[in-house]
Amino acid sequence: MKIKKRLSKILLLIICCTAALNAVAKSGPGPTAGNQTLTGIVTDKADSTALPGVTVSIPDLRIGTATDNRGHYTINRVPKGAYLVSFSYVGYKTYTVKVDFAKTSRLDVKMMSSSIETSEVVITGVTRATEIKRDPVPMVAVNKNYIDQHSASGNVIDEIANLPGVSAVTTGPNISKPFIHGLGYNRVVTAEDGIRQEGQQWGDEHGIEVDQNSIDRVEVIKGPASLSYGSDAIGGVVNLITSPPVPEGKILGDVQGVYGTNNGLVNGSFKLQGNNNGFVWGTVISEKAAKDYQDQHDGRVYGTNFREKDARVMLGLNKSWGYSYLNASVFDDEQAIPDGSRDPVTRQFTYQNTEADTLPRPIVPQSALNTYSIPTLHQHVQLYRIYDNSDFIIGNGNHLIVNLGYQYSHRREFTHPEDADVPGLNLQLATWTYDTRYNFNIGKDYETSVGVNGMYQNNSLGYSTDFPIPAYHQFDFGPFFVIKKSFGKLDLSGGARYDTRSFSGQAAYIDNSGEFPALYTGPNPTTTPNVTQQFSALSKTFSGVSGSFGATYNFSDKFLIKGNIARGFRAPSIAELSANGPDPGSQIYHVGNPDFKPEFDVQEDVGAFLSLENVSASIELFNNNIQNYIFQEQLLDANGQPERVDPNGTPDQKGQYSEFKYVQSRARINGGEFSLDIHPVNWLHFENQLTLTYGDNLGNGGKVPDSLKYLPFIPPVHTHSELRGTLNKGFGSFKNAYAFVGFDHYDAQNRFFSAYGTETYTAGYNLLSAGIGGNIVNSKGEKVFELFIEGTNLANVNYQSNMSRLKYFDNAVVPAGVTPGIFNMGRDVSFKVIVPFNFSPKEKSM
């Protein structure tokens, strides 16, 4: 009933906003009233032929268009002021230029063919849209073309996990947590359209609640240099950006489908967008499902199938005064819960079928391994979001930006085989986020932003039998400022921020008199029989200052250097402070510490970038020193074995859960990313990347024992090489053709947190991948469909990643000579087809 009421409120708000926005759109000024128009022609610099389909956009205004068959373009309703204009086209170097629209109404552009992207424009964490090469903050960005070509990935985080400095902690093909330079969970903010995502991200066993089919672009800030996101961005930011509005007068959409051979992944999506005189709207509806994945070592891995449904709608206005976009979305994911239990003789997977869980467990039948049906033991994660992005133009190029959001995260884990409807875990988190900033110029070209943002959270405990964290309230408040100034070839950027986070945790008592433990809500909990205290009341406030200063010097268009130093702040999460209970999906009994101090880090970044006609190269180094670093370590029993406990935390060697406690220490994470791209001819591209990440536990004084001296979840040395061919003009009806072969090497990870059996050695491995695709066009040159084929782990290698939690899922005792844990996915080939359609009204002939 609560969910239906929430949906009803969202639907009512959407209907009201639709009516209001449509009325404004009909009564608003025409396309040329009180603002400017930009027109021009885009051609190939080599032969002066027209380039149709080039994306022309003004990122700060969220407006754009595409060139027609003659290379012509027109953008209406451009307010006076100076804005960055971007021209992008597959297989060509993105061209960006700052245009003063009070003086310029026509801009013709000649684009150069290139397989290397050197002029990416970003909007995350900056005062205005900025080229990456001119921003001292270490960043990386990928566009829709990159996302489409990596369709074998089961979620949006896996699609970017191969980028330099980026990795992911995984629990199967549909659950991935982003890590940046060895930091993840509550140290990396994941945002959608700049609105931070909140969904119990301290937990291991569920991924990012975002429909991967709705994402058009991803921007990643590496490190604490972003001052726009506050606490929890100490490791960086992943901003998932949805599709921009379509050009004015257009109604465009597509239907797409993906099939994966390994686990029978079926992923379908429908998208439709329109723009009528600045009234913009759009919708995306998706559904995907998969069976248990398979590898040669394990066969099909029981408990890794999933089913996900998503829907979103956007309504907005884009006028001379700015823009306002209202978005609403629903994410609904049912995910099986693996535990890795096996028959001790045959090593086939087994499953729990009774509450008593007597041994031996029955073997999972083949029919249950090769099915899309979700088993009784599973998790159900839902996220309802409604948010608004608004930008009001004040004066000549000044902007007041207001981003407001509400999200409701409902996370349940069903862990009782004989009582399928009784959730073991039932967490309900409501979050209100606010972000307002004023972007303006001080003096001549001092781009300045001042603002304040934060959030209010209310976490409640629904009917369930396990209680890892308490009900609590949280409030964040953070004012900040950022200033950027260009002095010819030198770009300087700096700013500061002050954050305050307040927690108010509620005491909780558990009634153990029934069949299952339950929250006790009656009187006199301390004297009532069979009632025990689970959580004490908690009241905490944390605060801290963060800041950043950096510089970029462009010696020429071909060579530049960067440097940045930043201080970050992170308040402990509610789990780190108060956890005292089992999390069924992760098989961990968490124990927190209310006396923790906030984390502070100082990170230095330097980089050099070279871009010549036939060779591109870069080197980026970072060093991050962290005070009061919080992590989990496994507890051991009196015999030196991993402590096993029952749901009440009572030691029991046959218990379902491993007991982990949070601890604090000083830490250092450093490393770098190196790239060398050789492209002897325009269509051929040989890319090489090396990523190094080292994490050291510095302790709290004195010598750190060998078993404690490394940090957990640090990715190993990783090299990626890729030979890619791109034929923009293609051949016959096949255009924008591409093909690539990739090779990834991961070193053995022998720098691991071995104390208490928390982590173990991970062997090195090599992976082979390949892809091919392009556009099929008709006789008029119009796109009929897009095809993307990608193969991963083509050699079908048996391997375990140290970033996979499934590596530690097995029986407590494993036969001698057998590698414990679950292996990663074997060979997979994915096929993605996108069929576009155009419902736009026909233009009137002159």
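Analysis parameters
Residues numbered from 1 in each chain as written. Predicted model: local features only at pLDDT ≥ 70, side-chain atom pairs only at ≥ 80, totals over all residues. Heavy atoms only, no water. Helix = DSSP H or I, 4+ residues; strand = E, 2+ residues; numbered from the N terminus. Rg over C-alpha atoms; globule rule 2.2 N^0.38 Å. Contact = heavy atoms within 4.5 Å. Lys, Arg positive; Asp, Glu negative; His and termini not counted. Charge placed at Lys NZ, Arg CZ, Asp CG, Glu CD. Buried < 20%, exposed > 50% of the residue type's maximum accessible area, 1.4 Å probe, protein only. Polar contact = N/O pair within 3.5 Å; in protein donor to acceptor, adjacent residues only side chain to side chain. Pairing = 2+ DSSP bridges. Axes fitted to C-alpha atoms, helices over the stretch in contact; angles between N-to-C directions.

### Quick word on the overall build of the chain
Now for step 1: Across its full length, the chain holds five helices and 46 strands.
Now for step 2: Against the compact-globule benchmark of 28 Å for 846 residues, the chain has a radius of gyration of 27 Å, which places it among compact chains.
Now for step 3: Its C-alpha atoms put the chain at 85 × 55 × 55 Å along the principal axes.
Now for step 4: Within the chain, contacts between residues at least 6 apart in sequence are counted, and of these 67% link residues at least 24 apart.
Now for step 5: Computing the positive centroid from 72 side-chain charges and the negative centroid from 84, the chain places the two 8 Å apart.

### Some points on the side chain of Thr242
Now for step 1: Inspection of the secondary structure puts Thr242 in strand E16 (residues 236–242).
Now for step 2: On the accessibility criterion, Thr242 (12% relative accessible area) is buried.
Now for step 3: Reaching out from Thr242, the side chain makes a polar contact with the side chain of Asp193 at a distance of 2.8 Å.
Now for step 4: Beyond its immediate chain neighbours, meaning those up to four positions away, Thr242 contacts Glu192, Asp193, Ser214, Ile215, Asp216, Arg312 and Tyr387.

### A closer look at the sheet that holds strand E30 (residues 508–511)
Now for step 1: Read across the sheet, three strands follow the order E31-E30-E32 without closing on themselves; strand pairing throughout is antiparallel. Of all strands in the sheet, those with a lone pairing partner are strand E31 (518–519) and strand E32 (531–535), marking the two edges.
Now for step 2: Across two bridges, E30 lies against E31 in antiparallel orientation. Directly across from Ile510, in E31, lies its bridge partner Leu519.

### Observations regarding the sheet that holds strand E3 (residues 63–66)
Now for step 1: On the basis of which strands lie adjacent, the open sheet formed by four strands has the order E3-E2-E5-E6 and antiparallel pairing. Since the sheet does not close on itself, it has two edges, and those belong to E3 and strand E6 (95–100), each with one partner. Direction aside, the axes of adjacent strands within the sheet are offset by 20° on average.
Now for step 2: Pairing of strand E2 (residues 55–58) with strand E5 (residues 82–88), which is carried by three bridges, proceeds in the antiparallel orientation.

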